[in-house]
There are 2 protein chains.
Amino acid sequence: MAAVLPLADLQGQVRRVSWLNSIIKGDCVAALEALPDHSVDAIFADPPYNLQLGGTLHRPDQSLVDAVDDDWDQFSSFEVYDAFTRAWLLACRRVLKPNGTIWVIGSYHNIFRVGAIMQDLNFWLLNDIVWRKVNPMPNFKGRRFQNAHETMIWASRDAKAKSYTFNYDALKASNEDVQMRSDWLFPICSGSERLKDDDGKKVHPTQKPEALLARVIMSSTKPGDVILDPFFGSGTTGAVAKRLGRNFVGIEREQDYIDAAAARIAAVEPLGKAELTVMTGKKAEPRVAFNALIEAGLVRPGQVLTDARRRFSAIIRADGTLSANGEAGSIHRLGAKVQGFDACNGWTFWHFDDGQSLKPIDELRTVIRNDLAKLD
Amino acid sequence: MAAVLPLADLQGQVRRVSWLNSIIKGDCVAALEALPDHSVDAIFADPPYNLQLGGTLHRPDQSLVDAVDDDWDQFSSFEVYDAFTRAWLLACRRVLKPNGTIWVIGSYHNIFRVGAIMQDLNFWLLNDIVWRKVNPMPNFKGRRFQNAHETMIWASRDAKAKSYTFNYDALKASNEDVQMRSDWLFPICSGSERLKDDDGKKVHPTQKPEALLARVIMSSTKPGDVILDPFFGSGTTGAVAKRLGRNFVGIEREQDYIDAAAARIAAVEPLGKAELTVMTGKKAEPRVAFNALIEAGLVRPGQVLTDARRRFSAIIRADGTLSANGEAGSIHRLGAKVQGFDACNGWTFWHFDDGQSLKPIDELRTVIRNDLAKLD
DNA sequence: AATATGGATGAATCGATTG
DNA sequence: TCAATCGATTCATCCATAT
């Protein structure tokens, strides 16, 4: 895992997909040109934030704040930063599969430019997600609000791409059975998770917490997917992807970061298949025709169905349709019609009387589905 | 208060500052041209969001969602929206005092374009503030994360303006003696605060809560300051400004909104000097997702949970659900399922073995809650 | 008079499959 | 490619009505 390939080696090996689960050394845009079109399922990008720091910053006790002042975060103007942003986003767009999605994280220094450029390039914004930091750095001068969050943009390749991966049911089940919101709460990366060098200095100034990446990856990818991180840094994306049974591709310029990331990822133990199975909902279940209930003898032609409160009733016909008040149609169409609605889920609307109580015909569909499950 | 002046009247009366505490009827940019340079201390702008809605949306109960489809929110392209944004921001910049600040609120549909243009026009971003909605509208189709926040940008007129108003100590004192963070929690505007017409219909589709405006105004203005709102709508800015002893200027095109806002503001009773302090409310115990335990490392995927008497067991999966006997679900659903019940409190039912004894996972939730207690 | 229940609603870029 | 069909999908809160 996590072999480090110079760009030259990579280009000769694309056919064997040797770039899977490796870190490509080189400039982001140039390295991306070596990847095939539509070759990755998802992208997580943590680009330079273009922080505009005036001078040095001291805490109230006069200790020096170790700010992000690396060369890679220096841009001479918004125009230069915009050109850089457009270039790497375009390159990412080409390698992204048509139904793939991209995540970009940033702060108020850069995220507005990034978001506008994403829209200009026809990415279709699905959500902006707020990472609320449990333990953000205070504002030492007391001149602003404490900058306690960062923003992530989640987008599909274009507006027409409707089949992107979103594990809605799993997220909901893991969140007290209510849907996951756009504001997430996580601690910043610190303690034993934070990579340090031999001198105890942090390896990377903006290492992201694994919990954040875990939710990103669990929500919008499937096991076996390929996740690209064009600004790999300390390799959080790769470490979490490996642990969660996904593949990764990282791009990084600095050898120190590559070395630290490769060692980190090598130490990761992937989870087993059982632990990685994702909870799915009804949408993922096989379709069952209402006719199958008749054929299985679970309901019979002539039988009366009603809604849960017995306000409406209909008769089952031998062809698998229902009739009521001289009208006929599928369980869905007729359910909609009697209520005066445009649409209706007939499976949950229509009920049958089992002698004791009214039960939705959806329970009979479950019987059929359980029988089907034994066959494979 | 709140006299409504047609633009023509205004221009002849500028010297007497007759526009103070009034609503100017007219187009935003044209009306702004009639105001003197450097004449307002702060600006709060709630521009059109440029929502691009495909068709109609129904709730699961088939009721129709009353979407924002007003003419004033329709733009033919990003270019047109950008030009509009640049025009009103430039006009605002001219009337803003050198040490004044501006707030702009938006959603992911427009806020990235707005923020980038503000930077291009040399506004200096001080913070982005996240309004976390207590009670946002759900995502009915389960295709995205629940869009549970909006974003505000707070900026000074330019980078050199260091003497802007920021009531740091008052905010801190009103916030349990810790710095005010960049993520704010407020309910949406509803109930008796929401303006309704005689038919019970909402007067304005996007009326903002007064609590939100109150924090904006208390944090970045002084009593007696002039606050401009170039998209006045239902007049929340004016109502809160009057109550908090500030002056306002509103600009609005639609007569219906002007009438409603004028009546609303007329009914406001200004607070006395002593009462101009911010109130905060403690919320009930925060909801904790089971996923938070995994993300915090308190439990791990693959780990086995049992009930208190070890009659039932289940395995934790990486997506935050449990699985047992080929079935899966949330801690609550699966707890109910294995027992054959309709419902179950998974927090007290499922236990983990800490090496000495079985303990309910509810104890781990307490650990998380203690961390959270600092935040809400 | 409290409490319970049902309905309404909010800045929303909100399908997938088959014929 | 388009049209028809199947059938999946909601949270917190407020208010009106019923018990």
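A brief report on the enclosed structure follows. These numbers were taken from a predicted model, which means no experiment stands behind them.

A closer look at the side chain of H149 of chain B
Point 1. Note that H149 of chain B resides in strand β6 (residues 149-156).
Point 2. In terms of polar contacts, H149 of chain B uses its side chain to reach the side chain of D128 of chain A, at 3.0 Å.
Point 3. Setting aside residues up to four positions removed in sequence, H149 of chain B forms contacts with D128, V130 and S182 of chain A together with V130, W131, R132 and K133 of chain B.

Here we look at the protein's contact with DNA strand D
Residue and element names in this part refer to chain A.
Point 1. With respect to spatial proximity, 29 residues lie near DNA strand D, and among them Y168, K172, Q179, H332 and R365 are the closest.
Point 2. In DNA strand D, atoms within 4 Å of the protein come from the sugar-phosphate backbone in 64% of cases.
Point 3. The contact in question runs from a phosphate oxygen of DNA strand D to an N or O atom on the side chain of K172, over 2.4 Å.
Point 4. N345 places a side-chain nitrogen or oxygen 3.1 Å from a phosphate oxygen of DNA strand D.
Point 5. When residues of the surface near DNA strand D are assigned to their parent elements, the largest contribution, three residues, is made by helix α5 (residues 168-173).
Point 6. When the residues that make up the surface near DNA strand D are grouped by side-chain class, the tally is eleven nonpolar, ten polar and eight charged.

Some details on helix α11 (residues 331-339) of chain A
Point 1. When α11 of chain A is considered as a whole, its buried residues turn out to be I331, L334, G335, A336 and V338 of chain A.
Point 2. Residues of α11 of chain A that are buried sit in contact with α10 (290-295), β11 (313-316), β12 (322-324), β13 (327-329) and α12 (346-349) of chain A.

A closer look at the interface of chain A and chain B
Point 1. At the junction of the two partners, chain A supplies 73 residues and chain B supplies 78 residues.
Point 2. Counting each side, the surface lost to burial between chain A and chain B is near 6,500 Å², with a carbon and sulfur contribution of 52%.
Point 3. Three residues, F112, F145 and E176 of chain A, lead the burial of chain A against chain B; their summed loss comes to 14% of the area buried on that side.
Point 4. Notably, a salt bridge pairs D183 of chain B with R132 of chain A, separated by 2.5 Å at the nearest N-O pair.
Point 5. At the boundary of chain A with chain B, the tally comes to 42 residue pairs in polar contact (both at pLDDT 80 or more).
Point 6. Of all the secondary structure elements, the ones that give two or more residues to the side of chain A that touches chain B are α4 (111-120), β5 (124-133), β6 (149-156), α5, β7 (183-186), α6 (210-220) and α9 (273-276) of chain A.
Point 7. Grouping the constituent residues of the side of chain A that touches chain B by class yields 39 nonpolar, 18 polar and 16 charged.

Side note on empty space enclosed by the protein
Point 1. All told, the structure shown has three cavities of 30 Å³ or more when counted by the stated rule.
Point 2. By volume, the largest cavity amounts to about 50 Å³.
Point 3. Going through the elements one at a time, α4 and β5 of chain A together with α4 (111-120), β5 (124-133) and β6 of chain B are the ones with two or more residues in the lining of the largest cavity.
Point 4. The residue inventory of the lining of the largest cavity, partitioned by class, reads six nonpolar, three polar and two charged.

A short note on a negative patch on the surface
Residues and elements named next belong to chain A.
Point 1. Together, D69, D71, D197, D198, D199, E254, D256 and D259 make up a region of like negative charge exposed at the surface.
Point 2. For E254, the position within the fold is in the loop between β9 (247-252) and α8 (255-266).
Point 3. Accessibility expressed as a relative area gives 34% for E254, which makes it partly exposed.

Side note on the protein's contact with DNA strand C
All names here are of chain B.
Point 1. Around DNA strand C sit 42 residues, and of these R59, Y108, K141, R194 and K202 come closest.
Point 2. The contact atoms of DNA strand C, taken as those within 4 Å of the protein, divide so that sugar and phosphate hold 45%.
Point 3. Contact between DNA strand C and N135: a base nitrogen at 3.5 Å from a main-chain N or O atom of the residue.
Point 4. Tallied by class, the residues present in the surface near DNA strand C amount to 19 nonpolar, nine polar and 14 charged.

What about the pairing of strand β9 (residues 247-252) of chain B?
Residues and elements named next belong to chain B.
Point 1. In terms of burial, β9 is a largely internal element, six of the six residues being buried.
Point 2. The side-chain alternation of β9 yields two buried faces, one formed by N247, V249 and I251 and the other by F248, G250 and E252.
Point 3. For strand β2 (residues 22-25) and β9, the ladder comprises four bridges, and the chain directions are parallel. Bridge pairing in β9 links I24 to I251.
Point 4. Pairing of strand β8 (residues 226-229) with β9, which is carried by four bridges, proceeds in the parallel orientation. The residue of β9 that forms the bridge with L228 is V249.
Point 5. Tracing the backbone out of β8, into helix α7 (residues 236-243) and back to the parallel element β9 gives a crossover that is right-handed.

Describing the packing of aromatic side chains
Point 1. Applying the stated criterion to the full structure yields 39 aromatic pairs over all chains.
Point 2. For the ring pair W154 of chain A and Y164 of chain A, a centre distance of 5.5 Å and an interplane angle of 90 degrees mean the geometry is edge-to-face. Here W154 of chain A, found in strand β6, pairs with Y164 of chain A, found in the loop between β6 and α5; they are ten residues apart in sequence, far enough to count as distant.
Point 3. Through a chain of ring-to-ring contacts, the aromatic side chains of W103, W154, Y164, F166, Y168, W184 and F186 of chain A together with F145 of chain B assemble into a single cluster.
Point 4. The residue whose ring lies beneath K133 of chain B is W131 of chain B, and the NZ or CZ to ring-centre distance is 5.1 Å.
Point 5. Geometry around W184 of chain B places R215 of chain B over its ring, the cationic atom sitting 5.0 Å from the centre.

A few points about the side chain of Q179 of chain B
Point 1. The residue Q179 of chain B is located in the loop between α5 (168-173) and β7 (183-186) in this model.
Point 2. Among the polar contacts listed, one links the side chain of Q179 of chain B to the side chain of Y168 of chain B, at a separation of 2.9 Å.
Point 3. Each residue touching Q179 of chain B, except ones within four places of it in the same chain, is listed here: P138, N139 and Q146 of chain A together with Y168 and K172 of chain B.

Re the environment of V178 of chain B
Point 1. Positionally, V178 of chain B belongs in the loop between α5 and β7.
Point 2. C-alpha of V178 of chain B to C-alpha of V65 of chain B: the two residues are 113 residues apart in sequence and 40 Å apart in space.

Brief notes about the environment of L53 of chain B
Residues and elements named next belong to chain B.
Point 1. Within the fold, L53 resides in the loop between β3 (40-45) and α3 (78-95).
Point 2. You can call L53 partly exposed: its relative accessible area is 48%.
Point 3. With 16 residues separating them along the chain, L53 and D69 place their C-alpha atoms 8.0 Å apart.
Point 4. Not counting chain neighbours up to four residues away, the residues in contact with L53 comprise A67 and V68.

The rules behind these values
- Residues numbered from 1 in each chain as written.
- Chains lettered and ligands numbered in written order.
- Predicted model: local features only at pLDDT ≥ 70, side-chain atom pairs only at ≥ 80, totals over all residues.
- Heavy atoms only, no water.
- Helix = DSSP H or I, 4+ residues; strand = E, 2+ residues; numbered from the N terminus.
- Polar contact = N/O pair within 3.5 Å; in protein donor to acceptor, adjacent residues only side chain to side chain.
- Contact = heavy atoms within 4.5 Å.
- Near = heavy atom within 4 Å.
- Nonpolar A, V, L, I, M, F, W, Y, C, P; charged D, E, K, R; others polar.
- Buried < 20%, exposed > 50% of the residue type's maximum accessible area, 1.4 Å probe, protein only.
- Buried area = accessible area lost by both parts, 1.4 Å probe.
- Salt bridge = Lys/Arg side-chain N within 4 Å of Asp/Glu carboxyl O.
- 1 Å grid on protein atoms, 1.4 Å probe; cavity = no way out; pocket = protein on both sides within 12 Å on 5 of 7 lines; lining within 4 Å.
- Points joined across faces, edges and corners; volume = space filled by probe spheres on them.
- Patch = residues over 30% accessible without salt bridge, like charges linked within 9 Å, V, L, I, M, F, W, Y side chains within 5 Å.
- Areas by Shrake-Rupley, 256 points an atom, 1.4 Å probe, with all protein chains shown as cover.
- Lys, Arg positive; Asp, Glu negative; His and termini not counted.
- Charge placed at Lys NZ, Arg CZ, Asp CG, Glu CD.
- Pairing = 2+ DSSP bridges.
- Right-handed = clockwise from strand over helix to strand, strands pointing away.
- Phe/Tyr/Trp six-rings, centres within 6.5 Å; stacked < 30°, edge-to-face > 60°.
- Lys NZ or Arg CZ within 6 Å of the ring centre and 35° of its normal.

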